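Structure assessment
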Amino acid sequence: MKNRKIKNSELNRKSVEEFKEAKKTPIIVILDNIRSLNNVGSVFRTSDAFLIEKIYLCGITAKPPHKDIQKTALGATETVAWEHVEDTLDLVEKLKEDNVKVFAIEQAEGAVMLNDFNPEIGEKIAVVFGNEVKGVQQKVVSASDGVIEIPQAGSKHSLNISVSTGVILWDLYSKLKAADYSSADGHGH
């Protein structure tokens, strides 16, 4: 049979314990006042796929356990480390003190297009995703080390937050992995 679909049992995915022990991608996800529990669950699931280090749930962002988060997370709340923090700005400033580079995912003056953004190898980064209507709070955007924008060519002004998370995390993960491979063969940084 041509291109037989692979069964889940054949995918050889990590157990919860193996996930927790695995070397993580040096990326932190910050959710700034996300209203939709389905979006929160989707972010957990995407973060699991790319071995993201941690998710911070800020402000009104819902916390596990909740059936509407579980419905889309499909167990990823058990694998990906997370923490609730009341104030996103306080968190951003603390992370910066800990030498984490923080980038707001937003459309803003001075933003770098995602395709032009290259994460520094060996540097931990945090990406902030904002509220479905208002985006990332301006004070958080202003406090960030930079702004990354997803290039869009259509008529709409934005992407759903769970889609934005998938696009950003895949792009950063693939760039970091490519750098890992090139440095492993002696041709990297």
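As a reminder, the structure under discussion sits directly above these lines.
Fair warning: this is a prediction, and the values are worked out from it, not measured in the lab.

**As for the environment of Ala 73**
Tracing the chain through its elements places Ala 73 in helix α3 (residues 67–73). Along the primary structure Ala 73 and Asn 39 are separated by 34 residues, whereas in three dimensions their C-alpha atoms are 9.1 Å apart. Every residue in contact with Ala 73, bar those within four places of it in the chain, is listed here: Gly 41, Phe 44 and Arg 45.

**Re the sheet that holds strand β6 (residues 125–130)**
Judged by pairing direction, the sheet is parallel, and its 7 strands sit side by side in the order β3-β2-β1-β6-β4-β7-β5 without closing on themselves. Pairing within the sheet leaves two strands with one partner each, and these edge strands are β3 (82–85) and β5 (112–113). As paired elements, strand β4 (residues 101–105) and strand β7 (residues 146–149) share 3 bridges and run parallel to each other. Note that in β7 the partner of Ile 105 across the bridge is Ile 148. With respect to the sheet, helix α4 (residues 88–97) is in contact with β1 (25–32), β2 (52–58), β3, β4 and β6, its orientation differing from that of β1 by roughly 160°.

**Some thoughts on the packing of aromatic side chains**
Within this structure, the stated rule accounts for 4 aromatic pairs. Measuring from ring centre to ring centre gives 4.8 Å for Phe 103 and Phe 117, while their planes differ by 70°; the resulting arrangement is edge-to-face. Of the two residues, Phe 103 sits in strand β4 while Phe 117 sits in the loop between β5 and β6, which places them 14 residues apart along the sequence. Ring pairing ties together the aromatic residues Phe 50, Trp 170 and Tyr 173, which thus form one cluster.

**Concerning a nonpolar patch on the surface**
On the surface, a cluster of nonpolar side chains totalling about 200 Å² of accessible area is made up of Leu 159, Val 163 and Val 167. Counting through the fold element by element, Leu 159 comes out in the loop between β7 and α6 (161–184). Its relative accessible area of 34% is what places Leu 159 among the partly exposed residues.

**Quick look at the nonpolar core**
If you look at soluble globular proteins, the nonpolar side chains tend to sit buried side by side. The biggest cluster of nonpolar side chains holds 35 residues, and the ones touching the most others in it are Val 29, Leu 31, Val 127 and Ile 168. Every element with two or more residues in this core is listed here: β1, α2 (37–49), β2, α3, β4, β6 and α6. With 6 residues, α6 is the single largest residue contributor to this core. Beyond its immediate stretch of four places on either side in the chain, Val 29 contacts Val 43, Ser 47, Ile 52, Lys 54, Ile 55, Tyr 56, Val 127, Phe 129 and Leu 169. In terms of nonpolar packing, the next biggest core, distinct from the first, is built from 19 residues, Ile 28, Tyr 56, Leu 89 and Val 102 among them.

Reading guide: rules and limits
Along each chain, numbering runs from 1 in the same order as the chain's sequence is written. Local features in a predicted model are, by the rule used here, given only for residues with pLDDT of at least 70; side-chain atom pairs are given and counted only at 80 or more, and totals for whole chains, interfaces and linings are based on all residues. To obtain the side-chain values, all non-hydrogen atoms of the structure were used and water was disregarded. Secondary structure counts use DSSP, requiring at least four H or I residues in a row for a helix and at least two E residues in a row for a strand, with both numbered from the N terminus. Here, two residues are considered to be in contact whenever any of their heavy atoms come within 4.5 Å of each other. Whether two strands pair depends on DSSP finding at least two bridges between them. A fitted line through C-alpha atoms serves as each axis, taken over the contacting stretch for helices, and the angle formed by two N-to-C directions is quoted from 0 to 180°. Aromatic pairs are defined between Phe, Tyr and Trp rings, using the six-membered ring for Trp, whenever the two ring centres lie within 6.5 Å; interplanar angles under 30 degrees are classed as stacked, those over 60 as edge-to-face, and all others as tilted. Each patch is built from residues lacking any salt bridge and having more than 30% relative accessible area; the joining distance is 9 Å for like charges and 5 Å for nonpolar side chains (Val, Leu, Ile, Met, Phe, Trp, Tyr). Residue-level accessible areas treat just the shown protein chains as cover; the underlying method is Shrake-Rupley with a 1.4 Å probe. Between Lys or Arg on one side and Asp or Glu on the other, a salt bridge is scored when a side-chain nitrogen of the former is within 4 Å of a carboxyl oxygen of the latter. The cut-offs for exposure are 20% and 50% of the maximum accessible area for each residue type, with area from a 1.4 Å probe on protein chains only; residues under the lower value are buried, those over the upper are exposed, and the others partly exposed. In plain words, nonpolar cores are sets of buried Ala, Val, Leu, Ile, Met, Phe, Trp, Tyr and Cys residues tied together by side-chain atoms within 4.5 Å.

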